[in-house]
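If you want the building blocks of each chain, they are given just below.
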Amino acid sequence: MGIHQKKVAFVEEKRMSGQQNISIVGMGYVGLCTAAGFASKGARIVATDKDQQKVDSINKCKAPFHEPQLEEALRKATKQSKIKGTVDLEKAILETDVTFVTVGTPSKPDGSSDLGQVQEAATEIGKALSKKEGYHLVVVKSTVLPGTTENLVKPILEKQSNKSCGSDFGLCMNPEFLREGSAIYDTLHPDRIIIGEWDEKSGDTLESLYALFYKQQKIPLIRTNLPTAELIKYANNAFLATKISYINTIANICEKIPETDVAKVAEGIGLDNRINPRFLRAGLGYGGSCFPKDLKALIALAKQQKIEATMLEAVQKVNTNQAKHAVELVKKEVGMLENKRIAILGLSFKPDTGDMREAKSIQIINMLLDEGADVSAYDPVAVPNAKAIFKKRISYATSALNCLKDADCAVIVTEWNEFKDLKPEDFIASMKQPIVVDGRKIYNPETFTKKLNYKAIGLG
Ligand code: NAD
């Protein structure tokens, strides 16, 4: 199939008759937030996961992880009988017309994608399709490398179902761009919809579904082939990661030039509408379940294709070095870290989530522990996840002030709003010596430098 760049259009109102019955496989951040979002648009969702605990939690309207507005959306949907959780994937397929695959695609040690969950989900969906009468659309929403939907998912579905893709069932790749911390909002207000399609009927079916959901909103829609849709997601994340590493490089230059501040530089360049101000916040770099793994996978793909990925590797290197740089700033102010108490404010990879996958806190805390520091940490949500990682190697505070108690240095690792409210006096009153390394530039340098020893990324 050649490039099927059929249209760049807006989602238009089209009629799709009757109740939309949708199954979603994999109730992680993407699956469950998509389920809640689609349910609020009127669809009936069968939410499946192989984890019985997650399913039970969904059926009790309890979100299995922290995500703003999710629990409220779940309660509303359950009240209207719009979401039902089950581990029975076969039943879910038989009861619905469209299935979204939202299982995880973590990294393997060599950086390439572990497609085990996708393979397993496709196998089970294929088996269920063999028992199904009528047309069914399968939509891969998980982030997968170009070629995966066509060369891995499609053959599995065809083999297991003994049916033919295109005529008996449809297949699309529809990358997801939601952000943890605002996932429900993003699901309800996507800035674009990308539909990669095996054939026109598959694409038409998915476009009609989205038209029904988003008919009032002017949402740009691109229809293309499967590998282009897959690549759009990786190119998107790699570009955002590049913006972050770019501004962090500028931040490191600022630190060597007295009286410069990367925040002002970012503001200045962000007003150039070819650049725009978003993703130009200097700091400790990116973490999370997507950017690091997607960049690794894209680099692995480039290498496999014998293409130099110099720029992507540089983005990665700058990102890894940012956390080391923060620890250097701590050492410069505190001296030897042996038995020094370091307070870590923020553990999740970003605010408004408890997710610690590839969080910068992990890299920083491990470096501090290696140097013999005594680490106390606080996060409004992520402490249970941190306990599973660090066990008893660090202590866990129940509030920010409690975390600062007797500390030799505080490091701001995640920009939670409640940390932004802290005043220099709060640090001075609690800490042994008031040294603050602001890894996310959340404080006003003028106010803070006047009252305590304040160091921030990108402050000359
Ligand atoms: P996750 O790891 O939080 O959730 C995956 C879920 O799938 C788990 O609950 C797991 O139990 C379930 N699962 C695995 N195999 C299954 C099977 N065979 N049957 C039923 N359930 C199964 O993943 P996530 O963070 O939601 O990400 C899902 C995909 O979306 C990934 O490819 C990711 O790269 C992509 N993505 C994630 C985000 C994000 O912010 N988290 C954003 C955009 C895209």
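In this text the structure is predicted, and so the values were computed from the model without any measurement. (Residues numbered from 1 in each chain as written. Predicted model: local features only at pLDDT ≥ 70, side-chain atom pairs only at ≥ 80, totals over all residues. Heavy atoms only, no water.)

Comments concerning the pairing of strand S9 (residues 220-225)
Sheet analysis places strand S8 (residues 193-197) next to S9, joined by five bridges and oriented parallel. Bridging across to S9, Ile195 finds its partner in Arg223. Since S8 and S9 lie parallel, the crossover through helix H8 (residues 200-213) that links them has a hand, and here it is right-handed. (Pairing = 2+ DSSP bridges. Helix = DSSP H or I, 4+ residues; strand = E, 2+ residues; numbered from the N terminus. Right-handed = clockwise from strand over helix to strand, strands pointing away.)

As for the pattern of salt bridges
Considering all chains together, one arrives at 26 salt bridges under this definition. Between Asp186 and Arg179 there is a salt bridge, and its shortest N-O distance comes to 2.7 Å. Residue Arg179 is classed as partly exposed on the basis of its relative accessible area, which comes to 33%. Here Asp204 and Arg223 are joined by a salt bridge, their closest N and O atoms 2.7 Å apart. Residue Asp204 is found in helix H8, and its partner Arg223 is found in strand S9; the two are separated by 19 residues along the sequence. The buried category is assigned to Arg223, whose relative accessible area is 0%. (Salt bridge = Lys/Arg side-chain N within 4 Å of Asp/Glu carboxyl O. Buried < 20%, exposed > 50% of the residue type's maximum accessible area, 1.4 Å probe, protein only.)

Details of the side chain of Gln20
Within the fold, Gln20 resides in the loop between strand S1 (7-10) and strand S2 (21-25). Residues in contact with Gln20, not counting those within four places in the same chain, are Ala43, Arg44, Leu209 and Leu212. (Contact = heavy atoms within 4.5 Å.)

Overview of helix H3 (residues 70-79)
Among all positions of H3, only Leu70, Ala73, Leu74 and Ala77 are buried. The arc that holds every buried residue of H3, seen down its axis, measures 100°, which confines them to one face. For H3, the exposed residues set more than 90 degrees away from the buried face come down to Lys76 and Lys79. Of the surrounding secondary structure, the elements contacted by the buried residues of H3 are helix H1 (29-40), helix H2 (52-59), strand S4 (83-86) and helix H7 (183-188). Just beyond H3, the residue with positive phi is Ser81, at close to 55°. (Arc of directions from axis to C-beta.)

Regarding the environment of Gly346
Mapped onto the elements, Gly346 comes out in the loop between strand S10 (341-345) and helix H13 (360-370). Overall, the relative accessible area of 0% leaves Gly346 in the buried class. For the pair Gly346 and Glu425, spaced 79 residues apart in the sequence, the C-alpha separation amounts to 19 Å. For Gly346, the residues in contact, after removing those within four places along its chain, are Ser361, Tyr378, Asp379, Val413, Thr414, Trp416 and Phe419.

With respect to the sheet that holds strand S15 (residues 453-456)
Across the sheet, which stays open at both edges, the six strands sit in the order S12-S11-S10-S13-S14-S15 with parallel pairing between neighbours. Only two strands of the sheet have a single partner each, and these edge strands are strand S12 (395-396) and S15. Where S10 and strand S11 (residues 374-378) come together, five bridges link them in parallel fashion. Within S11, the residue paired with Leu345 across the bridge is Tyr378. Each of S10 and S11 is contacted by H13, which is oriented at about 175° to S10, the strand it contacts most. (Axes fitted to C-alpha atoms, helices over the stretch in contact; angles between N-to-C directions.)

Describing the site of the ligand
Residues in contact with the ligand amount to 27 residues; listed here are only the nearest, Asp49, Lys54, Thr105, Glu180 and Lys293. Residue Asp49 places a side-chain N or O atom 2.6 Å away from an oxygen atom belonging to the ligand. Within the contact set of the ligand, an oxygen atom lies 2.6 Å away from a side-chain nitrogen or oxygen of Lys293. The protein chains hide 91% of the 830 Å² of surface that the ligand would expose on its own. Examining the composition of the shell around the ligand, we find that four residues originate from one element, helix H5 (residues 116-130), more than from any other. A per-class count over the shell around the ligand returns eight nonpolar, nine polar and ten charged. Taken domain by domain, the shell around the ligand gets at least three of its residues from each of domain 1 (9-224) and domain 2 (257-456). (Near = heavy atom within 4 Å. Polar contact = N/O pair within 3.5 Å; in protein donor to acceptor, adjacent residues only side chain to side chain. Areas by Shrake-Rupley, 256 points an atom, 1.4 Å probe, with all protein chains shown as cover. Nonpolar A, V, L, I, M, F, W, Y, C, P; charged D, E, K, R; others polar. Domains from an automatic or database assignment.)

With respect to the domain arrangement of the protein
By domain assignment, the protein separates into domain 1 (9-224) and domain 2 (257-456). Summarising the inter-unit geometry, the C-alpha centres of domain 1 and domain 2 are found 34 Å apart. Contact residues are listed per partner, giving 17 residues for domain 1 and 17 residues for domain 2. Both sides together, the interface formed by domain 1 and domain 2 hides about 1200 Å², and carbon and sulfur atoms give 53% of it. Its largest share of buried area at the contact with domain 2, domain 1 owes to His66, Leu145 and Glu180, together 40% of the area lost on that side. Between Arg357 and Glu180 there is a salt bridge whose closest N-O contact spans 3.7 Å. Counting across the interface, domain 1 meets domain 2 through four residue pairs in polar contact (both at pLDDT 80 or more). Across the side of domain 1 that touches domain 2, the residue classes break down as five nonpolar, eight polar and four charged. (Buried area = accessible area lost by both parts, 1.4 Å probe.)

Observations regarding the side chain of Lys233
Turning to its location among the elements, Lys233 is positioned in helix H9 (residues 226-256). Among residues more than four places away in sequence, those in contact with Lys233 are Thr143, Pro175, Glu176, Phe177 and Asp294.

Remarks on the pairing of strand S6 (residues 136-140)
Counting buried positions over the five residues of S6 gives five, a clear majority of the element. Side chains His136, Val138 and Val140 of S6 all project onto a buried face; the interleaved residues Leu137 and Val139 project onto the opposite face, where all are buried too. Sheet topology note: the strand S5 (residues 98-101)/S6 ladder contains four bridges and is parallel. Following the sheet pairing, Thr99 is matched in S6 by Val138. Handedness of the β-α-β unit built from S5, H5 and S6 comes out right-handed. In this structure, S6 lies alongside strand S7 (residues 169-173), joined through five bridges in parallel fashion. Counted as the bridge partner of Val140 is Met173 from S7. Taken together, S6, helix H6 (residues 148-161) and S7 form a β-α-β motif whose crossover is right-handed.

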